[in-house]
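What follows is each chain in one-letter form.
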Amino acid sequence: MKRLLATSAITLVISAAAAHAESLNILVEGGGEMLQKAVAAQFTKETGIDVNFTVVPYQGVYDKLSAEIASGQSNFDVASIDVVWNAKFAAHLERLDDLFTPEFSADFSPALLSDAKVGGHYIGVPAWANAEVVFYRTDLFENADEKAAFKTKYGYELAPPANWQQWRDIAKFFTRDTDGDGKTDFWGTDTIGAYSEEWMAHVLQAGSPGVVLDAENNVIIDNAAHKEALEFYIAPHCQDKSVPENVTEIGWGEAQNLFYQGKTAMMKFWAHAYRMTPADSKVNGKVGVAPMIAGKAGIAGIPGTWYNVIPSTAANKDAAKKFIAYAVKHNAMGIEAPLGLAATNSAYESYAGKPGYEHFEPLLKTLAAPATRGRPMHEHYQEIVDEAVLPAVQKALSCEDDADEVLSEAKETIEDILN
Amino acid sequence: MIERKKRDLGGTVINIFALLLVLSYAVPYVYLLMTALKPAADVQQIPPSFFPNRITLENFRTVLATPSLPAAFANSLLVAVLTTVLSLVLAVPAAYVATQYRRSFTTFFLLFALVTRMVPAVSLGVPLFTLLKSIGLLDTTLGLVLAHTSTAVPLALLLMAAFFEGLPKELEEAARMDGCTRFQAFVKIILPVMRSGIAVTALFSFIASWNEFLYALLLTSEKGKTAPIVIAEYNSVYGLAWGPMTAAAVLYSLPVILITLLLQKQIIGGLTFGAVKG
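Residues numbered from 1 in each chain as written. Chains lettered and ligands numbered in written order. Predicted model: local features only at pLDDT ≥ 70, side-chain atom pairs only at ≥ 80, totals over all residues. Heavy atoms only, no water.

The name that an unreviewed UniProt entry assigns to chain B is Carbohydrate ABC transporter permease, with the source organism given as Sinorhizobium numidicum. Quoted verbatim from the Sequence similarities (unreviewed entry) field of the UniProt record, the comment on chain B reads "Belongs to the binding-protein-dependent transport system permease family." The annotation that UniProt attaches to chain B under Subcellular location (unreviewed entry) is "Cell membrane". (UniProt positions renumbered as here; feature names shortened; annotations may be inferred.)

Per an unreviewed UniProt entry, the recorded name for chain A is Sugar ABC transporter substrate-binding protein, and the organism is Sinorhizobium numidicum. According to the UniProt record, the Sequence similarities (unreviewed entry) comment for chain A is "Belongs to the bacterial solute-binding protein 1 family."

The structure is reproduced here in structure tokens:
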């Protein structure tokens with residue numbers, strides 16, 4: 001009896017020690033760590049499970065996780081990965097279907113849920129989500145003279161653009177020579193030629209059932225919506241001259257800086273930037289934000305979501321799952337971090353109406369729009385973008401090629417990649 | 001008189017050419033420095049400007065306030081110094097034997113060192129990860145030193161072999177005749193003569209380890225993280241912080257510049273070693 005008691009006591013001590021020794025290693029990109037630090041601290045306090053973050057540069061998340069998966073012995077229990085990698089890693093990740101109860105799922109926009117699924121199974125849980133919305137200069141949009149001049153010229157009130165036509169009209173209206181030297185030095189907006197995601201959002205606004213590929217992975221890049229969106233995308237540069245000329249050199253950073261330097265009146269940009277206007281920027285305190293513009297199919301955006309996943313080689317899968325569920329439940333805790341992002345509707349809604357968070361409502365509206373959906377969930381996605389989609393957009397931005405031809409060529413290239 | 005004028009003209013042409021050459025190397029670095037001194041709003045100015053409109057140290061202040069950077073700098077320094085020492089300890093004697101006691105297998109040995117330099121580092125990342133994990137050296141300075149040494153030794157070996165090729169065999173023979181053992185001859189006579197060559201090799205090994213990114217990314221997490229990884233973190237999916245990134249790069253380049261200046265005499269001696277032999 002004594003022996004049994006002693007054995008039981010030892011077993012109890014060992015199992016208790018093991019439970020306390022449990023810790024989680026999380027791989028995350030710099031910035032993403034800040035969004036999860038507060039929730040991790042509270043998780044540790046409540047469960048006794050330590051959470052250690054390994055912070056690496058953006059591409060490092062992909063490289064490090066790939067190497068660890070290839071070695072078959074990952075150090076990480078959780079990894080926060082960009083949505084564009086979901087399909088690539090899916091075969092090496094734990095299925096998280098049991099987490100997605102109706103109540104759990106109801107707190108996410110449908111597009112975020114859709115991107116979390118690969119091959120019919122949930123492989124990731126949204127940790128934070130973003131989308132492009134419209135940023136505009138309030139000092140210009142609220143200026144009485146500008147308003148009157150705009151109404152005279154276009155016959156309707158100057159207001160944050162809600163559709164394609166308004167976007168083009170307002171961009172043209174504000175494009176001007178401000179110093180009288182005969183050269184345009186202030187533009188209505190910009191066109192990003194270094195990335196193709198912004199055009200993809202317009203494809204969805206035009207009513208395409210998907211971007212580049214449909215649900216069955218058929219190539220649909222040459223459908224009418226893609227063509228219509230491409231024609232709209234290049235129009236401010238090729239027809240209206242309402243954007244700086246060097247479009248292929250303009251990426252997200254350049255577009256953002258043009259706006260901050262007071263050289264554009266509006267831009268489409270990721271919502272988080274609303275709280276990041278530099279103090280010495282010419283537009284500080286003069287920035288307004290509106291939902292993404294609408295096409296025939298209404299408002300639509302391409303979500304930029306990061307997912308918490310569990311590598312199948314993780315050592316502490318149960319604790320990892322517990323942390324992921326906990327992070328969703330306390331998702332609003334990340335909002336106070338510098339990037340100020342969350343993923344659940346309830347987290348964003350809990351900040352609605354608070355000064356400084358005016359961008360959340362347009363962001364939620366864009367994420368929840370019926371036409372909003374993610375990029376193709378395909379393991380060759382990046383290759384498709386690099387070799388076919390972006391070259392097609394850039395070719396169209398040369399203003400010399402026909403949109404039909406450009407998209408047909410892109411279709412052939414994509415089919416080559418897929419076959 | 002005409003001859004002298006010709007010489008002067010030739011000298012001027014050479015000087016101009018040298019200046020252009022120096023500028024071609026220096027311009028990217030100067031641009032880096034100029035960017036580091038620009039205010040955040042001017043860093044990505046359109047159109048871009050080479051010189052700052054206003055000089056500010058805010059990027060350097062941001063970098064110095066980055067909590068993870070001091071430890072990462074210390075890790076980089078420790079790893080680079082240990083890698084350099086270990087590489088020299090292994091490569092210098094090996095290169096001496098391979099060149100002074102030449103046999104067919106020593107030629108193969110040197111050729112093999114060359115071949116190892118041809119293998120892309122990325123293909124060795126996973127095996128190294130598995131190896132270091134199995135011996136419990138992941139995310140440690142020692143683990144990263146071993147990984148860096150594995151690539152630095154072939155480089156040091158090839159460099160030192162080239163220097164030893166220019167060494168007269170009679171030097172060791174004379175030392176042996178004076179009563180030295182082979183080891184004593186190597187330590188007391190050969191090594192001091194090869195000081196410049198060793199300095200050059202040490203500098204190259206140090207720089208290779210100091211700037212290495214891929215192994216540091218794959219084999220370390222938090223404790224052993226080196227500065228290149230932290231500097232790269234300024235580039236995130238939500239933006240590229242050019243100002244702080246360039247400021248950190250300028251600070252990171254300073255030790256190498258300092259060491260190069262300190263070893264300048266030896267480096268020049270090493271680079272010209274054997275040029276006036278005979």
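The discussion continues.
**So, the packing of aromatic side chains**
Residues and elements named next belong to chain A. Summed over the entire model, instances satisfying the criterion amount to 35 aromatic pairs over all chains. Look at Phe135 and Phe269: their rings are 6.5 Å apart centre to centre, the planes differ by 80 degrees, and that puts the pair in the edge-to-face class. With Phe135 in strand 7 (residues 132-137) and Phe269 in strand 8 (residues 266-270), the pair connects residues that are 134 residues apart, well separated along the chain. Each member of the pair, Phe135 as well as Phe269, carries the same accessibility label: buried. Of the aromatic side chains, those joined through ring pairs into one cluster are Tyr136, Phe141, Phe150, Tyr154, Tyr156, Phe173 and Phe174. The ring of Tyr357 carries the charged tip of Arg275 above its face, separated from the ring centre by 4.2 Å. (Phe/Tyr/Trp six-rings, centres within 6.5 Å; stacked < 30°, edge-to-face > 60°. Helix = DSSP H or I, 4+ residues; strand = E, 2+ residues; numbered from the N terminus. Buried < 20%, exposed > 50% of the residue type's maximum accessible area, 1.4 Å probe, protein only. Lys NZ or Arg CZ within 6 Å of the ring centre and 35° of its normal.)

**Concerning the interface of chain A and chain B**
Between chain A and chain B, the residue contacts involve 36 residues of the former and 28 residues of the latter. Between chain A and chain B lies a buried interface of about 2500 Å² when both sides are counted; carbon and sulfur atoms form 57% of it. The largest per-residue losses of area from chain A upon contact with chain B belong to Pro57, Lys64 and Gln73 of chain A, which jointly make up 20% of the total buried on that side. The interface formed by chain A and chain B includes zero salt bridges. Inspection of the chain A/chain B interface yields six residue pairs in polar contact (both at pLDDT 80 or more). Listing elements by their share of the side of chain A that touches chain B, those giving two or more residues are strand 2 (50-56), helix 3 (58-71), strand 6 (125-130), helix 12 (252-260) and strand 12 (304-309) of chain A. A per-element tally of the side of chain A that touches chain B places helix 3 of chain A first, with eight residues. Within the side of chain A that touches chain B, the residues separate by chemical class into 14 nonpolar, 14 polar and eight charged. (Contact = heavy atoms within 4.5 Å. Buried area = accessible area lost by both parts, 1.4 Å probe. Salt bridge = Lys/Arg side-chain N within 4 Å of Asp/Glu carboxyl O. Polar contact = N/O pair within 3.5 Å; in protein donor to acceptor, adjacent residues only side chain to side chain. Nonpolar A, V, L, I, M, F, W, Y, C, P; charged D, E, K, R; others polar.)

**Quick word on the environment of Ser221 of chain B**
Looking at the secondary structure, you find Ser221 of chain B in the loop between helix 11 (214-219) and helix 12 (227-232). In sequence terms Ser221 of chain B and Thr140 of chain B are 81 residues apart; their C-alpha atoms lie 8.8 Å from each other.

**Observations concerning the pattern of salt bridges**
Residue and element names in this part refer to chain B. Under the defined criterion, the tally for this structure stands at 18 salt bridges over all chains. Where Glu172 meets Arg176, a salt bridge forms, and the shortest distance between an N and an O atom there is 3.9 Å. In this pair, Glu172 and Arg176 both sit in helix 8 (residues 170-177), four residues apart, roughly one turn of the helix. Here Arg176 falls in the partly exposed class, since its relative accessible area comes to 38%. In this structure, Glu172 engages Arg182 in a salt bridge whose closest nitrogen and oxygen atoms are separated by 4.0 Å. A residue pair is termed long-range when its members are at least 10 positions apart, and Glu172 in helix 8 and Arg182 in helix 9 (residues 182-193) qualify at 10 residues.

**Here we look at the UniProt feature "domain: ABC transmembrane type-1" (unreviewed entry) in chain B**
Sites flagged by UniProt as "domain: ABC transmembrane type-1" (unreviewed entry) map to residues 73-263 of chain B. Along residues 73-263 of chain B one finds 80% helix and 2% strand; the C-alpha atoms at either end are 21 Å apart.

**Description of the sheet that holds strand 9 (residues 287-290) of chain A**
Residue and element names in this part refer to chain A. Across the sheet, three strands lie side by side as 8-7-9; this open sheet has antiparallel pairing. What marks the edges here is a single partner per strand, and that holds for strand 8 and strand 9. Averaged over all pairs of adjacent strands, the angle between strand axes in this sheet comes to 35 degrees, irrespective of strand direction. Pairing between strand 7 and strand 9: four bridges, direction antiparallel. Looking across to strand 9, one finds that Arg137 is bridged to Val287. (Pairing = 2+ DSSP bridges. Axes fitted to C-alpha atoms, helices over the stretch in contact; angles between N-to-C directions.)

**What to know about the pairing of strand 1 (residues 23-29) of chain A**
All names here are of chain A. For strand 1, the buried fraction is high: five of the seven residues fall into the buried class. Sheet topology places strand 1 next to strand 2; seven bridges connect them, and they run parallel. When the bridges of strand 2 are listed, Leu27 appears paired with Thr54. Crossover handedness for the path strand 1 to helix 2 (residues 32-47) to strand 2: right-handed. Relative to strand 3 (residues 78-82), strand 1 runs parallel, the two sharing two bridges. Bridging across to strand 3, Leu27 finds its partner in Ala79. (Right-handed = clockwise from strand over helix to strand, strands pointing away.)

**Side note on the state of the cysteines**
Residue and element names in this part refer to chain A. In the structure shown here, the tally under the stated rule is one disulfide over all chains. Put simply, Cys238 and Cys399 are joined by a disulfide, and their sulfur atoms are 2.0 Å apart. Between Cys238 and Cys399 the disulfide shows an S-S torsion of about -80 degrees. By sign, it is left-handed. With Cys238 in helix 11 (residues 224-240) and Cys399 in the loop between helix 16 (381-396) and helix 17 (403-418), this residue pair connects regions lying 161 residues apart in the sequence. Here Cys238 falls in the buried class, since its relative accessible area comes to 18%. (Disulfide = S-S within 2.5 Å.)

**Thoughts on the packing of helix 4 (residues 69-100) of chain B against helix 13 (residues 242-262) of chain B**
Residues and elements named next belong to chain B. Put simply, helix 4 and helix 13 touch, their axes get as near as 12 Å, and they point 35 degrees apart. Between helix 4 and helix 13 the crossing geometry is right-handed. When helix 4 is examined against helix 13, the residues Leu69, Phe73 and Ser76 are found in contact with a partner set consisting of Ala248, Leu251 and Tyr252. Residues that form the contact of helix 4 with helix 13 fall into these classes: five nonpolar, one polar and no charged. (Left-handed = near helix turned anticlockwise from the far one by under 90°.)

**Points about a nonpolar patch on the surface**
A cluster of nonpolar side chains, contributed by Ile16, Leu19, Leu20, Leu23, Val27, Tyr31, Phe50 and Phe51 of chain B, occupies part of the molecular surface with about 760 Å² of accessible area. Here Phe51 of chain B is to be found in the loop between helix 2 (40-43) and helix 3 (58-64). (Patch = residues over 30% accessible without salt bridge, like charges linked within 9 Å, V, L, I, M, F, W, Y side chains within 5 Å. Areas by Shrake-Rupley, 256 points an atom, 1.4 Å probe, with all protein chains shown as cover.)

**A closer look at helix 4 of chain B**
Taking 1.5 Å of rise per residue, 32 residues should cover 46 Å, and helix 4 of chain B covers 45 Å from first to last C-alpha, within 8% of that figure. Approximately 25 degrees is the largest bend angle found in helix 4 of chain B, and it occurs at Leu88 of chain B. (Expected span 1.5 Å × (residues − 1). Bend = angle between axes of the 7 residues up to and from the residue.)

**Quick notes on the sheet that holds strand 1 of chain A**
Residues and elements named next belong to chain A. Within the open sheet, the five strands sit side by side as 2-1-3-12-6. Their pairing is mixed. Whereas interior strands pair on both sides, the edge strands pair on one side only; in this sheet they are strand 2 and strand 6. Between one strand axis and the next, the sheet turns by 20 degrees as a mean value, whatever way the strands run. Contacting strand 1, strand 2, strand 3, strand 6 and strand 12, helix 13 (residues 317-329) runs over the sheet at an angle of about 55 degrees to strand 1.

**Here we look at the packing of helix 8 of chain B against helix 9 of chain B**
Residue and element names in this part refer to chain B. Viewed as axis vectors pointing N to C, helix 8 and helix 9 meet at an angle of 130 degrees, and their least axial separation amounts to 9 Å. With respect to each other, helix 8 and helix 9 are oriented oblique. The crossing of helix 8 and helix 9 is right-handed. Within the contact between the two elements, helix 8 uses Leu171, Glu172, Ala175 and Arg176 and helix 9 uses Arg182, Ala185, Ile189, Ile190 and Val193. The class makeup of the residues in the contact of helix 8 with helix 9 is six nonpolar, no polar and three charged. (Parallel < 35°, antiparallel > 145°, perpendicular 65-115°, else oblique.)

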